[in-house]
Structures are given as C-alpha cells and as structure tokens.
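# Residue-level structural notes
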Amino acid sequence: MRKNLKMYSKPGRAAYRLRRFFVRRNYKDRLFVALFHSKKELLQLYNGLNGTNYTNPDDLEITTMDDVVYLGMKNDCSFMIGSYLNLYEQQSTFCPNMPIRGLIYLIDIYQSYIAKHQFNLYGRKRIMLPTPKYIVFYNGTEERPDREECRLSESFKESDGCLEFVATVYNINKGHNQELMKQCSTLAGYSTLIDMVRNYQKAGMGLAEAVDAACVYCIENDILREYLEKNRSEVMRVLLTEYDAKKQRKMDMRDAREEGKAEGRAEGEAEERTKFLRLIDAMAADGKTAEIPRLSREPGFLREMENEYHIR
C-alpha cells in the first residue's frame, strides 16, 4: 500500500547578522540543498535512511514557507510521510545546540500544521500530530562518529525537566556511513565532490581551482555527472560562496576582539567577495568557465578580468 507523502520545505531565506552588517542569502545557495531540492533525490535519501521503498516522486507535495532566521540558523527541508514529520539539515560545523534549533523549527511547522487543519487547541478532542524526526547531515573537518545523538535535555540546567528532543547526526564525509552511501548515490557523489575539493586544496590549489578540478574529476568518473555538466558554473559559484562564508565566520570571531577595526574590515571583505562573485557570474555567462580558476592564482589576470567586465 502506497502512503501519501507530503513535504513542507523551509525556510525559503536564511539570514546572518554580522554585528551591524546584515546579509541575506537564499537557502538554495548551498549545494546540498540544491542537490536534494529535486523530489526524486530527496525520496532516494529518505529511502536510504529508513529502509523504505517509495518509488513515486510525485507523492511528494512540496510547500515552501518563507522565513528569515537570524544568526545563521536555517532548516533545509521538512516533509511528512505517513505519520512522521521529518526535518533535514546539513551542517559543516558540529554544534551541540542543534536540538534547540530543531525544536524551534518543529514548533514553527506544528503551528502551520495546526492552522492548516483548523485544529482547536482548546477543544476536548485530542489533536494528533505527526511524529517528528530531526536529521542532521554533518560534513565538517572535525572527526566525528558515523552516527550520534544530541539531546535537548543535555542543555537543561537540571536533570528533571519535562521535555526531550533528539537530533540524530549522520557523518557524510568520505568513508563514513557506507551503507547509506550505497543506497543514495547523490549523497555519495556529494561526499566525493567535497572530499576532492579538500584534497586539491591540500595539494596546493587555490579554492576556485580546487572546485573546478573536483568538478572535472567527478564528471570524468561519472559522479554527479549529469548535474555537474548542466550546472558546473553554478556549482562553482555556490561552493565558493559557501566556503567563503565559513572563512568569514571564523574571521568574524577573531575580529570581534579588535574593537574599532572589525566593522570596517568585515564590510571591506564583504565588498571584495561580492565583486568576486559578480565576476564569476559574468565570466560564466560569457562562456569562460574554464578560465575562472585562474582568478584565485593570478592577480594580474584577476585585475584584467575586472577591467574587462567593469567590475568596480
């Protein structure tokens, strides 16, 4: 018997507040979310995690709820299947506060669910809610186990609280959770792509060059080939933005200790980053994707392209 599968994707926008500097970026900007935005790929991931055999992607009913979340908080997607509400999130930094964030997402989704079905919170009839499952996909550089649980109760000051919420964290770095990777080729391909970017960087390549080389490697080895052939320039832009955001967050923590200098420095770096991404977009639109890696290793070529495309 086939169950109806409904999906609620959230949030639509994510925001990051850097002291007085406010940056808003679309939740699809990250490659993981872009890959699993497809119903087919998301269904494959769900089946791999749960040992199920859903086959019809059209069973997914997607509803996007716009939201602005501060301090980098975001929920990549949530969906219902049968009597379960699933929340999926990808993280490149391990954070013990994941259950707190997950609870905030859950409450928001439950509020929408209750309003949609016009349930009476003050009525005598018990309201039945879908059972939540909160999954975090971790691919940071810190060594973590294949699977671990983070509990909300670990954040309570006392041990006799009345509430629990669990984040189940899967390590999706290369070499981890091999059985899951076998069941979900897109997840395995994403893991390989990120691993190759890191390997090329360790070999001395600049970030842009490493991303391009990793894309070439994956295409030549039939890893995410169809997706990369169609979206190679966009993948480069997304990964460069994503990696640069990680670097920016580390710099923000350091710069916060330098009173009077942090704000101007952050704004200047943000402007340079914006110029660089505008240049990448312009070159990609002009069919010069193969030349993009030169930007990070040849300062003269970078200035030449900025002049050619009037990037100021």
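Note that the coordinates shown come from a computational prediction; the quantities given were computed from them, not determined experimentally.

### Observations concerning the pattern of salt bridges
- For the structure shown, the criterion picks out 10 salt bridges.
- The partner of Glu 149 in a salt bridge is Arg 147, and the shortest N-O contact between them spans 3.7 Å.
- Under the relative-accessibility criterion, Arg 147 is labelled partly exposed at 45%.
- Linking Arg 232 and Asp 212 is a salt bridge whose minimum nitrogen-to-oxygen distance equals 2.7 Å. In this pair, Arg 232 is assigned in helix 7 (residues 225-255) and Asp 212 in helix 6 (residues 207-220), connecting sequence segments 20 residues apart.
- Accessibility expressed as a relative area gives 25% for Arg 232, which makes it partly exposed.
- Within the structure, one salt-bridge network assembled from shared partners comprises Arg 147, Glu 149, Arg 151 and Glu 164.

### Some points on the nonpolar core
- Judged by nonpolar contacts, the single largest core of 52 residues is most densely connected at Leu 45, Tyr 88, Phe 137 and Leu 187.
- With 7 residues, helix 6 is the largest single contributor of residues to this core.
- Discounting residues that sit within four places of it in the chain, Leu 45 has contacts with Phe 32, Phe 36, Tyr 88, Phe 137, Cys 184 and Leu 187.

### Thoughts on the packing of aromatic side chains
- Scanning the model with the defined rule gives 12 aromatic pairs in all.
- Taking the centre distance of 5.0 Å and the plane angle of 45 degrees together, the rings of Phe 32 and Phe 36 count as tilted.
- Among the aromatic residues, ring-to-ring pairing joins Phe 32, Phe 36, Tyr 46, Tyr 54, Phe 79, Tyr 88, Phe 137, Tyr 170 and Tyr 190 into one connected group.
- Its end group placed over the ring of Phe 94, Arg 144 keeps NZ or CZ at 3.6 Å from the ring centre.

### Here we look at unusual backbone geometry
- Even without glycine at this site, Asn 177 takes up a positive phi of about 50 degrees.
- Positive phi is not limited to glycine here, since His 310 has a value of about 55 degrees.

### Let's talk about the side chain of Ser 191
- Within the secondary structure, Ser 191 sits in helix 5 (residues 185-202).
- Contact partners of Ser 191, with chain neighbours within four places excluded, come to Ile 172, Asn 173, Lys 174 and Met 181.

### Here's the deal with helix 6
- Helix length check: helix 6 (14 residues) gives 20 Å between terminal C-alpha atoms against 20 Å at 1.5 Å per residue, within 8%.
- Of all the positions in helix 6, only Ala 208, Ala 210, Val 211, Asp 212, Ala 213, Ala 214, Cys 215, Cys 218 and Ile 219 are classed as buried.
- Following helix 6 by one or two positions, Asp 222 adopts a phi angle in the positive range, close to 60 degrees.

What counts as what
Residues numbered from 1 in each chain as written. Predicted model: local features only at pLDDT ≥ 70, side-chain atom pairs only at ≥ 80, totals over all residues. Heavy atoms only, no water. Salt bridge = Lys/Arg side-chain N within 4 Å of Asp/Glu carboxyl O. Buried < 20%, exposed > 50% of the residue type's maximum accessible area, 1.4 Å probe, protein only. Helix = DSSP H or I, 4+ residues; strand = E, 2+ residues; numbered from the N terminus. Core = buried A, V, L, I, M, F, W, Y, C linked by side-chain atoms within 4.5 Å. Contact = heavy atoms within 4.5 Å. Phe/Tyr/Trp six-rings, centres within 6.5 Å; stacked < 30°, edge-to-face > 60°. Lys NZ or Arg CZ within 6 Å of the ring centre and 35° of its normal. Expected span 1.5 Å × (residues − 1).

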